[in-house]
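Descriptive analysis of the structure
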Amino acid sequence: TTRAEINKLFSAFTSIPADPVVEGRKLKIWGRTLLVPKSTSRVAMFNFEDLCGAPLSAADYLEVTCTFGTVFVCDVKKMGLGEKDKVIRSQFKMY
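Overview of the structure.

**As for the pattern of salt bridges**
Enumeration over the complete set of coordinates arrives at three salt bridges. The partner of Lys8 in a salt bridge is Glu5, with the nearest N and O atoms 3.1 Å apart. Of this pair, Lys8 and Glu5 are both found in helix H1 (residues 2–13), three residues apart, which corresponds to roughly one turn of the helix. Residue classification places Glu5 among the partly exposed residues on the basis of a relative accessible area of 44%.

Written as C-alpha cells, this is what we have:
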C-alpha cells in the first residue's frame, strides 16, 4: 500500500541512531503549540487532516518547513471544491 511505502521511506530517512524518532514532539509557534505526530530533528510525518484540516496560519507552516528539512504528509484524500481551504493550506508542501 501507499502508506506502507511511506512508512518505509520515513524509516529510511530517520534511521540515524543519534537522532531517534520522537512521537508527539511539541513545536512552539508564537505562543501556541503544534503537535508533531512523529519526527526527528530534521524529518517530520503528519496526517493531512491534522496539518491541513486544522486552523493553522502561514506562520505555522513556515515554522514546520524551517524546522524540518523533510516533511511527510500522509492520508491525503481526494478533495472537491467544498474543501478548497484545505487545498490552499496544503500548498506549502510543494516547495
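**Notes on the sheet that holds strand E3 (residues 43–47)**
The mixed open sheet is built from four strands, whose spatial order is E1-E2-E3-E4. The sheet is open, and its two edges are formed by strand E1 (22–29) and strand E4 (70–74), each paired on a single side. For this sheet the average axis-to-axis angle between neighbouring strands, irrespective of direction, equals 40°. By the bridge criterion, seven bridges tie E1 to strand E2 (residues 32–39) in an arrangement that is antiparallel. Considered in E2, the bridge of Ile29 is made with Arg32.

**Structural notes on the nonpolar core**
Judged by nonpolar contacts, the single largest core of 13 residues is most densely connected at Leu27, Leu34, Val36, Phe46, Leu51, Val64 and Phe68. When residues of this core are traced back to their parent elements, those giving at least two are E1, E2, E3, helix H2 (48–52) and helix H3 (58–67). Here this core gets three residues from one element, more than from any other, and that element is H2. If we ignore the near neighbours within four places in the chain, the residues touching Phe68 are Arg25, Leu27, Val36, Ser39, Thr40, Ser41, Arg42, Val43 and Ala44. Judged by nonpolar contacts, the second largest core, of six residues, contains Phe10, Val43, Met45 and Cys74.

Reading guide: rules and limits
Residues numbered from 1 in each chain as written. Predicted model: local features only at pLDDT ≥ 70, side-chain atom pairs only at ≥ 80, totals over all residues. Heavy atoms only, no water. Salt bridge = Lys/Arg side-chain N within 4 Å of Asp/Glu carboxyl O. Helix = DSSP H or I, 4+ residues; strand = E, 2+ residues; numbered from the N terminus. Buried < 20%, exposed > 50% of the residue type's maximum accessible area, 1.4 Å probe, protein only. Pairing = 2+ DSSP bridges. Axes fitted to C-alpha atoms, helices over the stretch in contact; angles between N-to-C directions. Core = buried A, V, L, I, M, F, W, Y, C linked by side-chain atoms within 4.5 Å. Contact = heavy atoms within 4.5 Å.

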